[in-house]
Every structure is written in C-alpha cells, then in structure tokens.
Amino acid sequence: MKKILSLIAFVCLLQASGLAQGYQPSAENLENRAWFEQARFGVFIHWGVYSVMGDGEWVMNNQNMSLSEYGLLPKFFNPIDFNAKEWARLFKASGAKYVTFTSRHHDGFSMWDSKVSDYNIVKATPFKRDIVKELVEACRAEGLKVMFYYSLLDWKRDDYLPFGRTGKGIAGRDESKGDWNSYIQFMKAQLTELLTNYGRIDGIWFDGHWDKKDENWHYDEIYGLIHRLQPHCLVGNNHHIAPIPGEDFQMFERDLPGQNTTGFGTSAEDVGQLPKEVCGTIAGSWGFDIKDRKQKSFKEVLLYLVKAAGHGSNLLLNVGPMPNGEIQDYQQERLRQLGEWLKIYGESIYGTEGGFVEPTDDYAFTKKGNTVYLHVLNGAKRRLEIPNITFKIANITTFNGQSKITYRQIEGDTLVVEIPENIGDENDLVLKLGLK
Ligand code: FHN
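The model shown is predicted, which means the values in this text are computed figures rather than measured ones.

Considerations on the side chain of Glu253
Stage number 1. Examined against the element boundaries, Glu253 turns out to sit in strand 6 (residues 250-253).
Stage number 2. Arg254 provides the closest opposite charge to the buried, salt-bridge-free Glu253, at an N-O distance of 4.6 Å.
Stage number 3. A distance of 2.8 Å separates a polar atom in the side chain of Glu253 from a polar atom in the side chain of Asn238.

As structure tokens, then:
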C-alpha cells in the first residue's frame, strides 16, 4: 500500500513539475557523473550570517527571530580571519575531491555579490568581499571541484509566501505579497548569476523542497536552465524522496542509502540508480554551534566515509566555520586525519564500487578491478561470519600484502575470516581479497 501511495505521489509530482517527458543527460553530464562516482569524498560548508549567533543555521526559525532582529546580523558579520586559500589547502589535505558551499541557506542571505538581492555579503556586511568568488578561485587552484548548495526555502522574501511548514514564527513578512512566479524568477536569476559569473561549477545542491512539498517548484525550468548554462553541472535535490527526472545524483542526509534512520523518507525503495552522496557533520549541527557537545571522533567520521563507500556512495562531510572565518581546530583536525588515512588507504575508497554487500557496524566491502577490500570496523571481533558472499576468493591478505589471513567459504555463501590477535587497527583494519 505504501508503495502504491508513493508511486501516486511521485506521478503527481512529475506532472506538477512538467518533468514527465523525461530527461536525457548530455555527454558532458554523464562524464561528470562518472567523475563524481569516483570522487567518494567532498567537504560540505555551512556558513552564513547565522554563525554570529553560534546556534546553528536554523537559529532564525528556532528562536523565532523577526526579520528586523535577524536583519542586524549582517551588520556585524565581518569574518576578518577568513582566508579562502587556507580553507582550500585544508580541504585538499583532507583528501576531498570537491567542495559544496552554502551559497544561500534558508535565511535567504546570499554569500555572493548578487545583483538581484541586496541582502548579500558584499552589500549588507562590513566585510564587503564576495566569499563565493574567493572560495571558488582558491578551490580551483587546489584542483578541487566546486558545487553550490542553494536553498529553495526562503525565510525572508515576501514572494515566497504563503508560509510552508517552517518559518511561521518569523515576524515581519506580508502574506498578501506572496507571488510564486516572482519567487521562481528570482531563483532563476540567482542561479544564472552563480552559473555565469564564477566559471565552471560542478553541481547545484538544492534543499528546502520539503517546506512546500506539494508546491510546483518548476523544476523543469530550473533544472533545464542549469543544464543549458553548464551542461556538465550535476543537479541534486535534498527533497527526501526518490530522484525525479532532471537530477544527476541522489543524496542522503545523515543516513546511509536506504536506511531511513533520520525519518527523511529515503527508504530502500526510493534509492535509485544515480550516483549517490551521503552528507553528514563533524559537529552535531551543520552551521556553527558554540555549545556543540556532539563532536565526532576520528573513528566516527572515518566509519562514515568507509560505510558510505561500502554503499557505493560519496561522503560529503560538513564543517561549520565560526563567524570570524576560522574553522574550529577539532574540525580541521578531523579533516587532516582523514587525509592522512586516505594517503595510505585511498585505493580502497577512491574509484571503488560498493553496494554488493550491505555494510554493517562490523564490516564494509569496496571493490576495484579484481581486488575486494574488506574493512573490518569492529577491532574487538577476531572472527567474522559474513553472509551472502557470492564471489570466489583466491586469498586474503593484510593491506600491505605481508600477512596471509585465514578464511573459509562455507555453504550458504558465508565467509568466515579469522583475524590473528597480532593484526589490528583500532579504526579500520583494511584487508585485501584476491578474487578467483
Ligand atoms: O534544513 C537543512 C539543514 O539546515 C542542512 O542544510 C541540511 C543539510 O543536508 N539539510 C536541511 C535539512 O534537510
């Protein structure tokens, strides 16, 4: 029954968005998807004027700030320690292949010199520098690709009204001024700026659909515009439903594909065939939270990366810079630790296939050519019994190939691996399986 209802909702959405005719990605787009699938690791940045409040990127909504109260924040958003080149060097050192930056979050504030909204970093802050421009140039110089997060939801503009599910406690907007067509045109104008003034952009990462999930978002026009301006540009939408035509990758928020542990609705039947990306945080929240007490350990972020790869997915790992433009030390440290680990074990992550054995808390599998990598994630377990292994194994060794590991393939496709006491890694013991 659930499946039928989802199918009906999906067809209605297609009709509403005019996308039922289908979408043929260009050759450049397919090439970029192939690059994306190999990349496996990107850095997400949630940064905006909300960082001044030190209470996450939802502070405007969560503290029911009025437009005039929140409107004071740009006046003292002056990140004098922001250094795009330092950030880009850090991201490069983390082993990431791309960076996704919040060009505009739900508060409606643009982090570039937008000509269609003065509510932007150059016109409304003492900083007056185009952060998008500096970041794009610095990342490009480090060989990192850039994507832009772009919020469909807007807590500031009148034309976005009537209210969606969120922002109802934010005083200062006039519902009689709602004008959906004007809002769609505004977004198209902003996306045109982002895709024409900053060189090659490799993806647009939409978010906020769920605020008005039955609305006509004109995805046919919006996605069509993006693909017309930059055909290789990958479109993804964090709508928490199955992919719709015009999209080039599928994302999963704080969730491994199909697990739906966060309740965002991406259940197993919603997982499609597009390249996948899991996004998650190093901190407890996306935007800077001064009282954050949920800082993740190195092992936690590493397991995120490894399990995502085991699902055949990229990891987009978030940092939430502070209002002065610095990234907190422990977040920097996590990125550097990942980079050090990837220098050694990168071949078991980049360019691998996953998804052929469901990862668990004890193990994950990735594959490249004739080598399968078994990531042993629970160091306490010296004997693993792994069901549903249909490939035939010729040998198992440690990652450096120096020690052989004892194993058996028993009936019912179960693989039994015995790990000697003297071999281990508290984070992830990577073993290599040669195939027959
Ligand atoms: O509301 C946002 C949230 O602030 C953040 O940007 C995350 C990133 O995946 N997405 C939204 C919630 O789905």
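Moving on from the model shown.
Some remarks on the sheet that holds strand 5 (residues 234-238)
Stage number 1. The 8 strands are arranged 5-4-3-2-1-8-7-6 in an open sheet whose pairing can be described as parallel. The sheet is open, and its two edges are formed by strand 5 and strand 6, each paired on a single side. Mean inter-strand twist for the sheet, computed between neighbouring axes without regard to direction, equals 25°.
Stage number 2. One ladder, built from 5 bridges, connects strand 3 (residues 145-151) with strand 4 (residues 203-207); its direction is parallel. Its bridge partner being in strand 4, Phe148 is matched across the sheet by Ile204.
Stage number 3. Running over the sheet, helix 7 (residues 131-141) touches strand 1 (41-45), strand 2 (98-104) and strand 3 and is turned about 175° from strand 2.
Stage number 4. Where helix 11 (residues 329-345) meets the sheet, its contacts fall on strand 1 and strand 8 (313-319), and the angle it forms with strand 8 comes to roughly 150°.

Points about the site of the ligand
Stage number 1. His46, Glu57, Trp58, Asp207 and Glu253 are the nearest of the 14 residues found near the ligand.
Stage number 2. The side chain of Asn238 places a nitrogen or oxygen atom 3.4 Å from an oxygen atom of the ligand.
Stage number 3. In this structure, an oxygen atom belonging to the ligand sits 2.5 Å away from a side-chain N or O atom of Glu253.
Stage number 4. Against a free-state accessible area of 330 Å², the protein chains account for coverage of 96% of the ligand.

A closer look at helix 10 (residues 298-310)
Stage number 1. For helix 10, which comprises 13 residues, the first-to-last C-alpha distance of 18 Å matches the rise-based estimate of 18 Å (1.5 Å per residue) to within 8%.
Stage number 2. Within helix 10, 11 of the 13 residues are buried, which leaves the element mostly enclosed by the surrounding structure.
Stage number 3. Listed as buried for helix 10 are Phe298, Val301, Leu302, Leu303, Tyr304, Leu305, Val306, Lys307, Ala308, Ala309 and Gly310.
Stage number 4. Contacts from the buried residues of helix 10 go to strand 1, strand 7 (276-281), strand 8, helix 11, strand 9 (363-368) and strand 10 (371-376).
Stage number 5. Downstream of helix 10 by one or two residues, Gly312 has phi in the positive range, about 75°.

Observations concerning helix 8 (residues 180-196)
Stage number 1. An ideal rise of 1.5 Å per residue puts 24 Å on 17 residues; helix 8 measures up with 24 Å between its terminal C-alpha atoms.
Stage number 2. Every buried residue belonging to helix 8 is among Trp180, Tyr183, Ile184, Phe186, Met187, Lys188, Gln190, Leu191, Glu193, Leu194 and Leu195, and all of these are buried.

A short note on the domain arrangement of the protein
Stage number 1. Domain annotation of the protein identifies domain 1 (2-348) and domain 2 (363-435).
Stage number 2. A straight line from the C-alpha centre of domain 1 to that of domain 2 covers 36 Å.
Stage number 3. Residue-level contacts link 13 residues of domain 1 with 14 residues of domain 2.
Stage number 4. Where domain 1 abuts domain 2, roughly 1,200 Å² becomes buried across the two surfaces, and 61% of that area is made up of carbon and sulfur atoms.
Stage number 5. Seen at the junction of domain 1 and domain 2, the total is 1 salt bridge.
Stage number 6. For Glu347, the salt bridge goes to Lys432, with nearest N and O atoms at 3.5 Å.
Stage number 7. At the boundary of domain 1 with domain 2, the tally comes to 5 residue pairs in polar contact (both at pLDDT 80 or more).
Stage number 8. Where the side of domain 1 that touches domain 2 is concerned, the elements lending two or more residues are helix 10 and helix 11.
Stage number 9. It is helix 10 that contributes the most residues to the side of domain 1 that touches domain 2, 8 residues altogether.
Stage number 10. Within the side of domain 1 that touches domain 2, the residues separate by chemical class into 8 nonpolar, 2 polar and 3 charged.

A look at unusual backbone geometry
Backbone geometry follows two general trends: most residues other than glycine have a negative phi, and most peptide bonds adopt the trans configuration.
Stage number 1. Residue Pro162 follows Leu161 across a cis peptide bond; omega there is 10°.
Stage number 2. Mapping Pro162 onto the fold places it in the loop between strand 3 and helix 8.
Stage number 3. One non-glycine residue, Asn64, lies in the positive phi region at around 45°.
Stage number 4. Along the chain, Asn64 turns up in the loop between helix 3 (59-62) and helix 4 (67-70).
Stage number 5. For Asn64, a relative accessible area of 46% gives the class partly exposed.

Structural notes on the packing of aromatic side chains
Stage number 1. Counted by the stated rule, this structure contains 33 aromatic pairs.
Stage number 2. Following the ring pairs from residue to residue traces out a cluster consisting of Trp47, Phe77, Phe82, Trp87, Phe91 and Phe127.
Stage number 3. Here the guanidinium or amino end of Lys97 rests over the ring plane of Tyr350, the centre of that ring lying 4.4 Å away.
Stage number 4. Sitting over the face of the ring of Trp35, Lys145 holds its NZ or CZ atom 4.3 Å from the ring centroid.

Concerning the environment of Ile45
Stage number 1. In this fold, Ile45 is placed in strand 1.
Stage number 2. Sequence separation between Ile45 and Lys85 is 40 residues; the distance between their C-alpha atoms is 15 Å.
Stage number 3. Contact partners of Ile45, with chain neighbours within four places excluded, come to Trp87, Phe91, Val99, Thr100, Phe101, Thr102, Leu135, Asn318, Val319 and Pro321.

Describing a negative patch on the surface
Stage number 1. Side chains of Asp81, Glu86, Glu326 and Asp329 sit close together on the surface and give a patch of like negative charge.
Stage number 2. Glu86 sits in the partly exposed class, given a relative accessible area of 46%.

Looking at the pattern of salt bridges
Stage number 1. One pass over the full model with this rule turns up 20 salt bridges.
Stage number 2. A salt bridge links Asp361 to Lys307; the shortest N-O distance between them is 2.6 Å. Pair noted here: Asp361 is in the loop between helix 11 and strand 9 and Lys307 is in helix 10, with a separation of 54 residues, a long-range link.
Stage number 3. The class of Asp361 is exposed, set by a relative accessible area of 56%.
Stage number 4. Looking at Lys307, the relative accessible area reads 14%, which means it is buried.
Stage number 5. As a salt-bridge pair, Arg334 and Glu333 come within 3.4 Å of each other at their nearest N and O atoms.
Stage number 6. When salt bridges that share partners are traced, they join Arg383, Glu385, Arg408 and Glu418 into one network.

Conventions adopted
- Each residue is numbered by its place in its chain's sequence as written, counting from 1.
- Thresholds applied to this predicted model are a pLDDT of at least 70 for local features of residues and 80 or more for the giving and counting of side-chain atom pairs; totals over whole chains, interfaces and linings are not thresholded and use all residues.
- To get the side-chain values, take all heavy atoms of the structure and skip hydrogens and water.
- Per the convention used, a helix needs a DSSP run of H or I reaching at least four residues, while a strand needs a run of E reaching at least two, with both numbered from the N terminus.
- Exposure categories follow from relative accessible area, calculated using a 1.4 Å probe and restricted to protein chains: below 20% of the type maximum is buried, above 50% is exposed, and the middle band is partly exposed.
- Lys and Arg are tallied as positive, Asp and Glu as negative. Neither His nor the chain termini are counted.
- Salt-bridge detection follows one rule: a side-chain nitrogen of Lys or Arg within 4 Å of a carboxyl oxygen of Asp or Glu.
- Throughout this description, a polar contact denotes any pair of N or O atoms lying within 3.5 Å of each other; where both atoms belong to protein, one of them has to be capable of donating a hydrogen while the other can accept it, and for residues adjacent in sequence the pair is counted only when both atoms sit in side chains.
- At least two DSSP bridges between two strands are required for those strands to pair.
- For every element, the axis is a line fit to its C-alpha atoms; helices are fit only across the contacting stretch, and the angle between N-to-C directions ranges from 0 to 180 degrees.
- Note on contacts: a residue pair is in contact if any heavy atoms of the two residues lie within 4.5 Å.
- Here, proximity means that at least one heavy atom of the residue falls within 4 Å of the molecule or strand.
- Only the protein chains shown count as covering a residue, and every accessible area follows the Shrake-Rupley method with a 1.4 Å probe.
- To estimate how far a helix should reach, multiply one less than its number of residues by 1.5 Å.
- Residue ranges labeled as domains rest on an automatic or database domain assignment.
- Buried area: the accessible surface (1.4 Å probe) lost by two parts on joining, summed over both.
- By the convention adopted, Pro, Cys, Tyr, Trp, Phe, Met, Ile, Leu, Val and Ala count as nonpolar, Lys, Arg, Asp and Glu as charged, and the other residues, Gly among them, as polar.
- Two rings from Phe, Tyr or Trp (for Trp, the six-membered ring) form a pair when their centres sit within 6.5 Å of each other. Planes less than 30 degrees apart are called stacked, planes more than 60 degrees apart edge-to-face, and all others tilted.
- Only when the NZ of Lys or the CZ of Arg is both within 6 Å of the ring centre and within 35 degrees of the ring normal is a charge said to sit over the ring.
- Like charges within 9 Å and nonpolar side chains (Val, Leu, Ile, Met, Phe, Trp, Tyr) within 5 Å are joined into patches, using only residues over 30% in relative accessible area that form no salt bridge.
- Note on charges: their place is set at NZ of Lys, CZ of Arg, CG of Asp or CD of Glu.

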